[in-house]
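This is what each chain is made of:
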Amino acid sequence: MRIAVTGIGIVSAAGIGKEQTLATLRASRSGLVAAPSHFRTRHALPVGEVAPNNEELARRLGIRHCTSRTALLGIVAASEALADAGAATTDNRRTALVSATSVGGMDLTENFFPDFIRDDRSGRLRMAAHHDCADSTIAIARYCGIDGFTTTLSTACSSAANAILVASRLLRHGVVDRVVAGGTDALCRFTLNGFKSLQILDPAPCRPFDASRCGLNLGEGAAYLVLERADETRNPYCLLTGAANTNDAFHQTASSADGQGDYLAMRKALETAGLSPLDVDCINVHGTGTPNNDRSEGVALRRLFGNEVPPFASTKPVTGHTLAAAGGIEAALAVLSLHHGEIYPQLNFTTPDPELNLVPVTRYIRRPIRNILSNSFGFGGNCTALLFSNRP
Amino acid sequence: MKTHCYIERYATSDMLPTDIKALIPDATLRRRMSRFVRTGVATAMCCLDADSESGEAIDAIITATGFGCLTDSEKFLRNVIEQHEELLNPTPFIQSTFNTIGAQIALLRGYDCYNVTYAHRGLSFESALLDAAMQLDEGTARRILVGAADEQTPSQHRIMERMGCWRKHRDGEGAAFLLLQATPTREPSPCIEEIDFPETRLDDDTIRRRYAVEQILRCDTPQSECYPTAVARILTQAVAPAAGKQIRIAVCNNYMEAQPSVIVVSC
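Note that the structure is a prediction, hence the values are computed from the model and not measured.

A. Layout of the packing of aromatic side chains. Evaluation of the coordinates by the stated rule reveals nine aromatic pairs over all chains. Look at Phe190(A) and Phe76(B): their rings are 5.3 Å apart centre to centre, the planes differ by 85°, and that puts the pair in the edge-to-face class. Taken together, the residues span two chains, with Phe190(A) in helix α8 (residues 189-197) and Phe76(B) in helix α3 (residues 70-82). For Phe190(A), a relative accessible area of 5% translates into the label buried. Ring centres 5.3 Å apart and planes at 45° place the aromatic pair Phe76(B) and Phe93(B) in the tilted group. Note that Phe76(B) is positioned in helix α3 and Phe93(B) in helix α4 (residues 91-95), a separation of 17 residues in sequence. Classification of Phe76(B) by relative accessible area gives buried; the value is 0%. Phe93(B) sits in the buried class, given a relative accessible area of 5%. Taken together, the aromatic side chains of Phe190(A), Phe195(A), Phe379(A), Phe76(B) and Phe93(B) make up a single cluster linked through ring pairs.

B. Spotlight on the side chain of Glu126(B). All names here are of chain B. The residue glutamate 126 is located in helix α6 (residues 124-138) in this model. For the buried glutamate 126, no salt bridge is present, and the opposite-charge side chain at shortest range is arginine 218, 11 Å distant. At 2.8 Å, the side chain of glutamate 126 forms a polar contact with the side chain of asparagine 253. The residues touching glutamate 126, leaving out its near neighbours within four places in the chain, are Ile195, Phe197, Val231, Asn253, Ser261 and Ile263.

C. View of α6(B). Taking 1.5 Å per residue as the helical rise, α6(B) with its 15 residues ought to reach 21 Å, and the 22 Å between its terminal C-alpha atoms agrees with that figure. Burial analysis of α6(B) places 13 of its 15 residues in the buried class, which makes it a mostly covered element.

D. Expanded view of the pairing of strand β4 (residues 150-153) of chain A. Residue and element names in this part refer to chain A. Here β4 shows two buried faces, one formed by Thr150 and Thr152 and the other by Thr151 and Leu153. Strand direction decides the pairing type here: strand β3 (residues 95-100) and β4, joined by four bridges, are parallel. Bridging across to β4, alanine 100 finds its partner in leucine 153.

E. Geometry of the packing of helix α4 (residues 106-118) of chain A against α3(B). Put simply, α4(A) and α3(B) touch, their axes get as near as 10 Å, and they point 70° apart. Classed by the angle they form, the pair α4(A) and α3(B) counts as roughly perpendicular. Once α4(A) is placed against α3(B), the crossing between them reads as right-handed. In this structure, α4(A) contributes Met106(A), Thr109(A), Glu110(A), Phe113(A), Pro114(A) and Ile117(A) to the contact, and α3(B) contributes Ser73(B), Glu74(B), Leu77(B), Arg78(B), Ile81(B) and Glu82(B). Per-class residue counts for the contact of α4(A) with α3(B) are six nonpolar, two polar and four charged.

F. Representation of empty space enclosed by the protein. Per the counting criterion, the structure on display carries six cavities of 30 Å³ or more. Of the pockets and cavities examined, the largest cavity occupies roughly 260 Å³. As for the largest cavity, its lining consists of 21 residues, and the residues nearest its centre are Ser102(A), Val103(A), Phe190(A), Ser96(B) and Thr97(B). The set of elements that each furnish at least two residues to the lining of the largest cavity consists of α8 of chain A together with α3 of chain B. Per element, the largest residue contribution to the lining of the largest cavity is three residues, and it comes from α8(A). In terms of residue class, the lining of the largest cavity is built from 13 nonpolar, eight polar and no charged. Roughly 90 Å³ of volume is contained in the second largest cavity.

G. Unusual backbone geometry, seen in detail. Residues and elements named next belong to chain B. In this model, glutamate 187 is joined to proline 188 through a cis peptide bond whose omega is -10°. In this structure, alanine 212 takes a positive phi of about 50° despite not being glycine. Along the chain, alanine 212 turns up in the loop between α8 (204-211) and β8 (215-218). Alanine 212 gets classed as partly exposed once you look at its relative accessible area, which sits at 45%. The phi angle at methionine 256 is positive, at roughly 50°, despite the residue not being glycine. Position of methionine 256 relative to the elements: it lies in the loop between β10 (248-253) and β11 (261-266).

H. Here's a closer look at helix α7 (residues 159-172) of chain A. All names here are of chain A. Its 14 residues give α7 an end-to-end C-alpha distance of 20 Å, which sits within 8% of 20 Å, the value for a rise of 1.5 Å per residue. Most of α7 is tucked away, with 13 of its 14 residues classed as buried. Remark: glycine 174 follows α7 within two positions and exhibits a positive phi of approximately 70°.

I. Main features of the pattern of salt bridges. All names here are of chain A. According to the stated counting rule, one finds 42 salt bridges over all chains in the structure shown. Of the charged contacts, one joins arginine 69 and glutamate 220 as a salt bridge, the two residues approaching to 2.8 Å between their closest N and O atoms. One end of the pair, arginine 69, is in helix α3 (residues 69-84); the other, glutamate 220, is in the loop between α8 and β6 (221-229), with 151 residues separating them in the sequence. Given the relative accessible area of 3%, arginine 69 is considered buried. Glutamate 232 is the salt-bridge partner of arginine 93, the closest N and O atoms lying 2.9 Å from each other. Taken as a pair, arginine 93 in the loop between α3 and β3 and glutamate 232 in the loop between β6 and β7 (238-247) lie far apart in primary sequence, 139 residues in all. Classification of glutamate 232 by relative accessible area gives partly exposed; the value is 36%. One continuous salt-bridge network, built from bridges that share partners, spans Asp91, Arg93, Arg94, Asp177, Arg178, Glu228, Arg229 and Glu232.

J. Quick peek at the interface of chain A and chain B. Each side of the interface is counted separately: chain A has 64 residues, and chain B has 54 residues. With both sides pooled, the region where chain A packs onto chain B buries about 4900 Å², and carbon together with sulfur makes up 63% of that total. Summed over the three residues of chain A that lose the most area to chain B, namely Arg169(A), Phe190(A) and Gln252(A), the buried surface amounts to 13% of that side. Connecting chain A to chain B are seven salt bridges. Here Arg169(A) makes a salt bridge to Asp131(B), at a shortest N to O gap of 2.6 Å. Looking at the side of chain A that touches chain B, the elements with two or more residues in it are α4, α5 (125-128), α6 (133-144), β4, α7, α8, β7 and α9 (260-273) of chain A. Ranked by residue count, the leading element in the side of chain A that touches chain B is α4(A), at eight residues. Of the residues that constitute the side of chain A that touches chain B, the class distribution is 26 nonpolar, 28 polar and ten charged.

K. Here's a closer look at the side chain of Thr43(B). With respect to the helices, strands and loops of the structure, Thr43(B) is situated in helix α2 (residues 35-49). Setting aside anything within four residues of it in sequence, one finds Thr43(B) in contact with Ala11(B), Thr12(B), Ser13(B), Leu16(B), Ala175(B), Ala176(B) and Phe177(B).

L. Summary view of the nonpolar core. Formed by 87 residues in total, the largest nonpolar core has its most connected members in Phe388(A) and Phe125(B). With nine residues, α7(A) is the largest single contributor of residues to this core. Val103(A), Ala128(A), Leu323(A) and Ile94(B) belong to the second largest nonpolar core, which has 31 residues in total.

M. Up close: the pairing of β7(A). All names here are of chain A. Burial of β7 is extensive: nine of the ten residues sit out of reach of the surface. Alignment of strand β1 (residues 3-12) against β7, held across three bridges, turns out to be antiparallel. Each bridged residue has a counterpart across the sheet, and for valine 5 the counterpart in β7 is cysteine 238. Inspection of the sheet shows β7 paired to strand β13 (residues 382-389) by eight bridges, in the antiparallel sense. When the sheet's bridge partners are listed, asparagine 247 is paired in β13 with asparagine 382.

What counts, and at which threshold
- Residues numbered from 1 in each chain as written.
- Chains lettered and ligands numbered in written order.
- Predicted model: local features only at pLDDT ≥ 70, side-chain atom pairs only at ≥ 80, totals over all residues.
- Heavy atoms only, no water.
- Phe/Tyr/Trp six-rings, centres within 6.5 Å; stacked < 30°, edge-to-face > 60°.
- Helix = DSSP H or I, 4+ residues; strand = E, 2+ residues; numbered from the N terminus.
- Buried < 20%, exposed > 50% of the residue type's maximum accessible area, 1.4 Å probe, protein only.
- Lys, Arg positive; Asp, Glu negative; His and termini not counted.
- Salt bridge = Lys/Arg side-chain N within 4 Å of Asp/Glu carboxyl O.
- Polar contact = N/O pair within 3.5 Å; in protein donor to acceptor, adjacent residues only side chain to side chain.
- Contact = heavy atoms within 4.5 Å.
- Expected span 1.5 Å × (residues − 1).
- Pairing = 2+ DSSP bridges.
- Axes fitted to C-alpha atoms, helices over the stretch in contact; angles between N-to-C directions.
- Parallel < 35°, antiparallel > 145°, perpendicular 65-115°, else oblique.
- Left-handed = near helix turned anticlockwise from the far one by under 90°.
- Nonpolar A, V, L, I, M, F, W, Y, C, P; charged D, E, K, R; others polar.
- 1 Å grid on protein atoms, 1.4 Å probe; cavity = no way out; pocket = protein on both sides within 12 Å on 5 of 7 lines; lining within 4 Å.
- Points joined across faces, edges and corners; volume = space filled by probe spheres on them.
- Buried area = accessible area lost by both parts, 1.4 Å probe.
- Core = buried A, V, L, I, M, F, W, Y, C linked by side-chain atoms within 4.5 Å.

Right, dumping it as structure tokens:
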């Protein structure tokens, strides 16, 4: 059974909505800012921040009650995706929401907690009530009028890609007729300090696959695809032809030297699509800019594609690494790339890593694409690859 | 969704020995784990170890947690606040990731298969079970390890107490893992036959009629420990070796009076 992509919604440092995002990417601009502005932190590190603050986002959406930034960003993207698909949740098609997040409502919890640890009778409870991952999903479903099956995945930086994979399974099994699938994550002190403590944040803009790369930049955002069974749709963007999740089974945070998990995910995604490496015209790589990730991913690319590695680029220098949302944002960009026949350039690349000798696409290119891979890898060895294809 | 997932074996945190060295032999790994991760991983290992004689591969590991690694999240958050964002130990941050239990199982056993984690409050385990059922039904997997874990912490307990959650419920924690198969190794094997999400909480009569069951097990009785994935442990109680004839049981979850679910199991 073929699964079609019928709608896209996206918000990141590259812009709010599809049009702004495309304009940023086509102009080779970065959305990164020099330091976070929506929360207090002593770390002046570059981040991919979504410009409007919570009050502005809430006003734009007509939301008056206390809502986490993760939920606000998710609502912006999910409602755009549904509108883009021309989907009315009031029609008789059963609609599901499969959302991913890694921080949930931590942006509110971390403002509740200082009061609470001083005195466990204080701290505003309404700010602790949004802590768990399900909260943002339930808020999105409620706002968008999605009353079918609703669930949340949380597998670190591959989360949203896994949400899209699970969505295709729900459609194949006829559990629902339409799925809004993707992820959302807001920047917060918790994750900024977490990655800082791991010493993998680059104080300068990140340089994936470059010899001088020394870390990632965090970002925030959300993106959702609307997926439906292809034979029930007209004029979809493209098909989701392959999807696979594998485990590197090497280390809790680091990737293996032979890129085994990355390699298996890409290979299995191609197998599920019944395609060969030669059919892949472009790859939106995970490419975080950490020495470890890019080496493993590069080795995996060499193992799968040999000397014929297709044109590839990481969009993280534009958006930052948006963690659980990354798989959704990059899937949306892969779909747009395929649909418009264009490859979005990777910024900040100058010198190939002699160990890998891989050079990403650094200039905006227009060319027809048949099949595009989108890679998303996360902590816990979690590796996911999605394959989108133009209709044959 | 109607399904046929045979429960080959299961383990719960109540069944764990006091010394879990045999289940997680690596001392460094064990020391880094919070109680939550250690309990979850040990329970999974307990479920798998009982299976070691079969030597068959696992095709997927699907874990569920309502609230995730609360102790590690809290520890890291406290450090951020108290140490003013300086000189932080990354270990609790690393371990606070929701998929830590699933990842550690893969790491300990070298399993490179499908491995995802659902974190959807009171329906986390049902989501994992639905995913497993779809994979077993479509034949992309034959044997799947599905499990759930949640921990009780002083802060979580206190915050939920202030929210009034414990007026009607008793706080709790636990882990449970099940090894599911598309075809049973022996007859009769307990079998999950349906996973359903009714719109509202159904009374006993309606459940008996709608799902044709003889027995009902509810997760929200006053005696039950109330945590987001308690349903996984109740499910193992339903399939605990029963004498006599085969019956159909409905395991009903309605965590905090929201989002009801019904799992129908024959055993």
